[in-house]
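Listed below are the residues making up each chain.
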Amino acid sequence: MEGEISMETVVATTKEELKQEIDCWRNAGETIGLVPTMGYLHEGHASLIRRARQECDRVMVSVFVNPTQFAPGEDLEAYPRDFERDRQLCRQLGVDLIFHPTPEVMYPQGFGTTIAMDQSMTGVLCGKTRPTHFQGVCTVVCKLFGLSHADRAYFGQKDAQQLAIVRKMNRDLDLGVTVVGCPIVREADGLAKSSRNVYLNPQERQAALVLSQAVKLGQEKVAQGETDADAIVSAMKEHIGKEPLARIDYVEAVDDIDLRPAHTVVSGTLFAMAVYIGKTRLIDNFITGGDAK
Ligand code: AMP
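None of the values given here were measured: they were computed from a predicted structure. (Residues numbered from 1 in each chain as written. Predicted model: local features only at pLDDT ≥ 70, side-chain atom pairs only at ≥ 80, totals over all residues. Heavy atoms only, no water.)

### What about the overall build of the protein?
Right, on to step 1. Helices and strands together make up the secondary structure of the protein, namely eleven helices and nine strands.
Right, on to step 2. Taken over C-alpha atoms, the radius of gyration comes to 19 Å for the protein, in line with the 19 Å a tight globule of 293 residues would show.
Right, on to step 3. Referenced to the eigenvectors of the C-alpha coordinate spread, the extents of the protein come out at roughly 55 × 40 × 35 Å.
Right, on to step 4. Burial statistics for the protein: of 293 residues in total, 51% are counted as buried.
Right, on to step 5. A total of about 13,500 Å² of accessible surface is found on the protein, and carbon and sulfur atoms cover 50% of it.
Right, on to step 6. One way to put it: in the protein the 32 positive side-chain charges average out to a point 1 Å from where the 40 negative ones average out. (Helix = DSSP H or I, 4+ residues; strand = E, 2+ residues; numbered from the N terminus. Rg over C-alpha atoms; globule rule 2.2 N^0.38 Å. Buried < 20%, exposed > 50% of the residue type's maximum accessible area, 1.4 Å probe, protein only. Areas by Shrake-Rupley, 256 points an atom, 1.4 Å probe, with all protein chains shown as cover. Lys, Arg positive; Asp, Glu negative; His and termini not counted. Charge placed at Lys NZ, Arg CZ, Asp CG, Glu CD.)

Here it is, written out as C-alpha cells:
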C-alpha cells in the first residue's frame, strides 16, 4: 500500500463532529462515499476504500465494532482492534473522515428502534445460527446511511448475505443510497482476507484453506458445465469434510438477490459456506456469472 496519497484524515467520535464535516461537503455539492467497517483493516477493506476514492468526492470510513450484531457468547470482546493502525491506513488511502464512535454514541440511553427484515433472507445461511445478527447489521447500516448522507456505500461480496440484505433494506425503505458490491480479496494462497483470520494458529491457518479450495472446486464444476447445484454443494462439502479441523456450519446454493434455495445453476447462483476451523467461524462464497451485482 506504499506510494498512495497521504493527507489529513479527520477522526470524528461524536455525531456533532461528524455532522460538521458532512454539512460542509454537502453545502459544497460534493458526493459522499461510505465504507462501513468494524476496523482492524486489511486489503479487503482497502479495496472498498480505493473504489470509493475513485468514485466519490469525499470518502468516509466508519470503524465501529457494532455490539448489536453479536449474540451473547460470540466474539464481541475478543474481536481484534487497532485503531492507530486503521487511522494510518485510512490516511494512506486518502480517506477524508473516519467515524469512530463509542457504543454509547450509537446507542444512547433510551435507544429503542431496530430494523427487523422478514426471515426469508435473515433467517437463512448465517442467520440460522446467528438469528439476531442481521437485525443488528441493518440497524447500524441504516443509522450510518442517515448520519453520512452517503450517495454511495461500499460492501464486500465476502459477506454476500449481508450485501443482499443491505440492498433489500435500501430498496424497501427507500434509503436512496447506491449500494456497491466489491469482489472478495484473498491471501496469496486463496484464504479470503478477514479480520478474524488472526484467531487462527498456524495449523488452523493451513486447514482454513479448505474453504477457498471448496470455492475453487465449485467454480471448476460450473466451468465444466455442471448445472446441478446440489451436486456441486455435495462435492464442496465432501472436500471440506476431509479436513479434520473443519466443521461445516453450512454449504448452500441460493439466488444471490433473494437468497432462496437454488437447485439449478444459473447466472447469479450464490454458493455460500460457513465453516468452523477450530473455534473460528469463517465464511467464503462465489457467485456464478461474476461478482456481486
Ligand atoms: P468487516 O470489518 O469485517 O465488517 O467488513 C467491512 C466490509 O469489508 C464489509 O462490507 C465486508 O464485506 C468487506 N470485506 C471484508 N473482508 C473482505 C474481503 N476479503 N474482500 C472484500 N471485502 C471484504
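Next comes the rest of the account.
### A few points about the sheet that holds strand 7 (residues 246-255)
Right, on to step 1. Taken together, the three strands give an open sheet; going across it, the order is 7-8-9, and neighbouring strands pair in antiparallel fashion. Of all the strands in the sheet, the pair left with one neighbour each is strand 7 and strand 9 (280-287). When the angles between neighbouring strand axes are averaged without regard to direction, this sheet yields 15°.
Right, on to step 2. Against the sheet, helix 11 (residues 229-241) engages strand 7, strand 8 (269-277) and strand 9, with an angle of about 165° to strand 7. (Pairing = 2+ DSSP bridges. Axes fitted to C-alpha atoms, helices over the stretch in contact; angles between N-to-C directions. Contact = heavy atoms within 4.5 Å.)

### Quick look at the site of the ligand
Right, on to step 1. In the vicinity of the ligand lie 17 residues, with His 45, Gly 156, Asp 159, Val 185 and Lys 193 positioned nearest.
Right, on to step 2. One of the side-chain N or O atoms of His 45 is found 2.9 Å from an oxygen atom in the ligand.
Right, on to step 3. Contact between the ligand and Gly 156: an oxygen atom at 2.9 Å from a main-chain N or O atom of the residue.
Right, on to step 4. Protein burial of the ligand: of its 480 Å² of free accessible surface, 93% is covered by the chains.
Right, on to step 5. Elements that contribute at least two residues to the shell around the ligand include exactly strand 2 (32-37), helix 2 (43-55) and strand 5 (152-156).
Right, on to step 6. If one sorts the elements of the shell around the ligand by residue count, helix 2 sits on top with three residues.
Right, on to step 7. Broken down by class, the residue content of the shell around the ligand amounts to eight nonpolar, six polar and three charged. (Near = heavy atom within 4 Å. Polar contact = N/O pair within 3.5 Å; in protein donor to acceptor, adjacent residues only side chain to side chain. Nonpolar A, V, L, I, M, F, W, Y, C, P; charged D, E, K, R; others polar.)

### Quick notes on the packing of helix 10 (residues 209-223) against helix 11
Right, on to step 1. It is at 9 Å that the axes of helix 10 and helix 11 come closest, and there the two elements cross at 150°. Taken together, the axis directions place helix 10 and helix 11 in an arrangement best described as roughly antiparallel. For the element pair helix 10 and helix 11, the recorded crossing hand is right-handed. Residues Val 210, Gln 213, Ala 214, Val 215, Leu 217, Gly 218, Lys 221 and Val 222 of helix 10 form the contact with helix 11, whose participating residues are Ile 232, Ala 235, Met 236, His 239 and Ile 240.
Right, on to step 2. In terms of residue class, the contact of helix 10 with helix 11 is built from nine nonpolar, three polar and one charged. (Parallel < 35°, antiparallel > 145°, perpendicular 65-115°, else oblique. Left-handed = near helix turned anticlockwise from the far one by under 90°.)

### Brief notes about the packing of aromatic side chains
Right, on to step 1. Across all of its chains, the model carries five aromatic pairs by this definition.
Right, on to step 2. Ring centres of Tyr 107 and Phe 111 lie 5.0 Å apart, and the angle between their planes is 85°; this geometry places the pair in the edge-to-face category.
Right, on to step 3. By relative accessible area, which is 33% here, Phe 111 ends up partly exposed.
Right, on to step 4. A centroid spacing of 4.8 Å and a plane angle of 10° characterise the contact between Phe 271 and Phe 286, whose relative ring orientation is stacked. Highlighted residues: Phe 271 in strand 8 and Phe 286 in strand 9, separated in sequence by 15 residues.
Right, on to step 5. You can call Phe 271 buried: its relative accessible area is 0%.
Right, on to step 6. The exposure class of Phe 286 is buried, given its relative accessible area of 4%.
Right, on to step 7. Put simply, the rings of Phe 64, Tyr 107 and Phe 111 touch in pairs and so form one group of aromatic residues. (Phe/Tyr/Trp six-rings, centres within 6.5 Å; stacked < 30°, edge-to-face > 60°.)

### What about the sheet that holds strand 3 (residues 58-63)?
Right, on to step 1. Judged by pairing direction, the sheet is parallel, and its six strands sit side by side in the order 1-4-3-2-5-6 without closing on themselves. Each edge of the open sheet carries a strand with a single partner, namely strand 1 (10-12) and strand 6 (178-182). Pairs of neighbouring strands in the sheet enclose a mean axial angle of 25°, with direction left out of account.
Right, on to step 2. Against the sheet, helix 8 (residues 160-172) makes contact with strand 5 and strand 6, and its axis sits at roughly 170° relative to strand 6, the strand it touches most.

### Focus on the environment of Gly 33
Right, on to step 1. On the secondary structure map, Gly 33 appears in strand 2.
Right, on to step 2. In this structure Gly 33 comes out as buried when scored by relative accessible area, which is 0%.
Right, on to step 3. For Gly 33 and Val 166, which are 133 residues apart along the polypeptide, the C-alpha to C-alpha distance reads 16 Å.
Right, on to step 4. Beyond its immediate stretch of four places on either side in the chain, Gly 33 contacts Cys 56, Arg 58, Val 59, Met 60, Arg 152 and Tyr 154.

### Here's the deal with unusual backbone geometry
Trans is the common state for peptide bonds, and a negative phi is the common state for residues other than glycine.
Right, on to step 1. At Leu 125, a position not held by glycine, the phi torsion is positive, near 45°.
Right, on to step 2. Tracing the backbone through its elements, the reader meets Leu 125 in the loop between helix 5 (119-122) and helix 6 (126-129).
Right, on to step 3. For Leu 125, a relative accessible area of 2% translates into the label buried.
Right, on to step 4. In this model, Asp 174 sits at a positive phi of 50°, which is unusual for a non-glycine residue.
Right, on to step 5. Turning to its location among the elements, Asp 174 is positioned in the loop between helix 8 and strand 6.

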